[in-house]
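Observations on chain architecture
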Amino acid sequence: MYIVTDGIVLKRVKVSDYDKILTIFTRKAGKVSAAVKGSQNPKSKLASGAHPFVYGEFSISKSGRLSSVTSIDVKNAFYHLREDLDKLTIASYFLELAHIVTVENIINNSLFDLLLVFLQVLEGSNDLKVQHLIKIAFELKLLDVIGLRPELNSCVNCGKETDDPKFTVEEGGVICKECYHLYPDNYRIGHVIPKLMKFILASDLERILETDIDPVLVKKIDFILNEFLLYHLERKGFRTLKHFNEITSHS
Ligand SMILES: [Zn+2]
């Protein structure tokens, strides 16, 4: 089998000085693991493309169980994501999330497009508050794309609409006053946060970034989404986020 496809490198594992295994999220074959031979040889044309974040056209050949990358035509290496540690951390977290929610050889081009657009916008952003907003927008839209969109309209238990909702991570949405007691591990969110989350889900990133959104609300949403993602993706933590959580909890 031989495919030529657009892809984004999610992960790189070094096998030896010259050989690496890339995990590439591709348009035509979903997530693919493929070896890159001789990529540390400076003369290798593959060397410049065999890095996380690289978006390009990958030629991948598969014989038996092992796939290998035979060429990479780099379209965007996202060098500017490395300009500051916060930006790099959030971008790395996007790759980690994409890696977690994708399955080998299953195509998900909605998620591919989402990841590509968010990396592009994040690359051009130099304000931590804006980057924080980009982060929660990615989390929400990713949840939507993988079928885990939080229920923000009516109580997840009884279906009633409520103007004083709390949020239950376990059931994945808002609960009304009458049902608070059924979910003791809930978060008070008020009526603005669900509206804001719905606005983010319904709007493209450009519109979201044009809107003046209170950073305090962004932080609250970030906290809830972090709990939500950990619970529903069955993780204890996100490897890439350690630094980010430390700095944002003090800012
Ligand atoms: Zn209820």
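What counts and how
Every chain's residues receive numbers from 1 upward, in the order its sequence appears when written. This being a predicted model, a pLDDT of at least 70 is required before a residue's local features are given, and a value of 80 or more before pairs of side-chain atoms are given or counted; all residues contribute to the totals for chains, interfaces and linings. Only hydrogens and water are set aside; all other atoms, that is, all heavy atoms of the structure, feed into the side-chain values. Here the rule is simple: two strands pair whenever DSSP picks up at least two bridges between them. Note on conventions: DSSP H or I runs of at least 4 residues are helices, E runs of at least 2 residues are strands, and numbering of each starts at the N terminus. Lines fitted to C-alpha atoms define the axes here, with helix axes fitted over just the stretch in contact, and angles between the N-to-C directions of these axes take values from 0 to 180 degrees. Each residue is placed in one exposure class: buried if its accessible area under a 1.4 Å probe, protein chains only, is under 20% of its type's maximum, exposed if it is over 50%, and partly exposed if it falls in between. Between two residues, a contact is recorded if the distance between any of their heavy atoms is within 4.5 Å. Roughly parallel covers angles under 35 degrees, roughly antiparallel covers those over 145, roughly perpendicular covers 65 to 115, and oblique covers all other angles. For this classification, Asp, Glu, Lys and Arg are treated as charged, while Ala, Val, Leu, Ile, Met, Phe, Trp, Tyr, Cys and Pro are nonpolar and the rest, including Gly, are polar. Those domain boundaries reflect an automatic or database domain assignment. Throughout, the accessible surface (probe 1.4 Å) given up by two parts as they are put together, summed over both, is called the buried area. In what follows, salt bridge is the name for a side-chain nitrogen of Lys or Arg lying within 4 Å of a carboxyl oxygen of Asp or Glu.

An order of β7-β6-β8 is seen for the 3 strands of this open sheet, with the pairing classed as antiparallel. In this open sheet, the two strands that pair with only one neighbour each are β7 (173-175) and β8 (186-188). Across the sheet, the mean angle separating the axes of adjacent strands is 40 degrees when strand polarity is ignored.

Attention now goes to the environment of Met197. Checked against the element boundaries, Met197 lands in helix α4 (residues 192-202). Of the residues examined, Met197 reaches a relative accessible area of 1% and is grouped as buried. Separated by 12 residues in sequence, Met197 and Leu209 place their C-alpha atoms 14 Å apart. In this structure Met197 touches Leu140, Pro150, Leu152, Ile221 and Leu225, once residues within four positions along its chain are discounted.

Running from N to C, α4 and helix α6 (residues 215-232) cross one another at 80 degrees; their axes reach a closest spacing of 11 Å. Here α4 lies roughly perpendicular to α6, going by the angle between them. Of the residues in α6, those touching α4 at Val192, Ile193, Leu196 and Met197 are Leu217, Lys220, Ile221 and Leu225. The residue makeup of the contact of α4 with α6, split by class, is 7 nonpolar, no polar and 1 charged.

A separate point is the domain arrangement of the chain. Each domain of the chain was delimited in the assignment, giving domain 1 (2-76) and domain 2 (80-248). A separation of 30 Å is found between the C-alpha centroids of domain 1 and domain 2. Surface buried jointly by domain 1 and domain 2 totals about 1,900 Å² across both partners, of which 63% is contributed by carbon and sulfur atoms. Of all residues in domain 1, Arg27, Lys31 and Phe53 give up the largest surface area on contact with domain 2, accounting jointly for 42% of the area buried on that side. Here domain 1 and domain 2 share 1 salt bridge between them.

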